[in-house]
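Survey of secondary and tertiary structure
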Amino acid sequence: AAQPRLEQLEARRFKSIDLRAHLNAARPFILAMADRYDEAYTAGQASLSALPSASPIADDFLRVAMANVTSVVTDTGKSQRFIDAARAGSGATFITMYSEGMEGLLDYQAGRMQRATEKFAAAMAARTEIGQDYLTFDLWATAGHIVVLYENDQLDEAERIARTYLPMMMKATL
């Protein structure tokens, strides 16, 4: 549903360079969500060539989206560099939440459970600063946090968090 809407917006050829920056950042993110990682990588490379844009937060969002894409398409070293670049950027709380969650996923995939736990917890904590508007990203980080707790045999804590967040996760269709 998001991909056709993005294409409609791009076809309108907006004059706003700020909006263009956000559209460029959204494209690889949406393609990755649709499991179209090769296309996301190509779109992301094109968007990266336009950096810096008029919107530092869009630039940082693109970098974290590309951290996700490169973790699938290329290597986690490149993913980490994208995360580090995003953190050094705008300083927006949403970017902190998204980058911490993404780094938690990289740590989890590498078997660094303690670091993954810390990163997912930091992503969850960042959401409290920005309110309900970004709850879906918080739920994504929470799901990762629950998995890491489970893997670390912290079953009571994993169950406590799951009981609290699972109804919201189901509603958000995670």
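These numbers come from a predicted model, not from an experiment.

**Considering the overall build of the protein chain**
- For the protein chain, the helix and strand inventory stands at 9 helices and 0 strands.
- Along the protein chain, helices (α) and strands (β) appear in the sequence α-α-α-α-α-α-α-α-α when read from the amino end.
- Scored against the burial criterion, the 174 residues of the protein chain give a buried share of 44%.
- Of the contacts made within the protein chain by residues no fewer than 6 positions apart, 57% connect residues no fewer than 24 positions apart.

**Description of the nonpolar core**
- By size, the foremost hydrophobic cluster in this structure holds 44 residues, and its most contacted members are Phe 61, Met 66, Val 69, Ile 95 and Tyr 98.
- Within the residue set of this core, elements represented by two or more residues are helix 2 (17–33), helix 3 (37–48), helix 4 (56–73), helix 5 (76–87), helix 6 (93–109), helix 7 (113–127), helix 8 (135–151) and helix 9 (155–171).
- Here the element with the most residues in this core is helix 4; it accounts for 8 residues.
- Those residues in contact with Val 69 that lie beyond four places of it in its chain are Pro 28, Ala 32, Tyr 37, Ala 40 and Tyr 41.

Calculation notes
Residues numbered from 1 in each chain as written. Predicted model: local features only at pLDDT ≥ 70, side-chain atom pairs only at ≥ 80, totals over all residues. Heavy atoms only, no water. Helix = DSSP H or I, 4+ residues; strand = E, 2+ residues; numbered from the N terminus. Buried < 20%, exposed > 50% of the residue type's maximum accessible area, 1.4 Å probe, protein only. Contact = heavy atoms within 4.5 Å. Core = buried A, V, L, I, M, F, W, Y, C linked by side-chain atoms within 4.5 Å.

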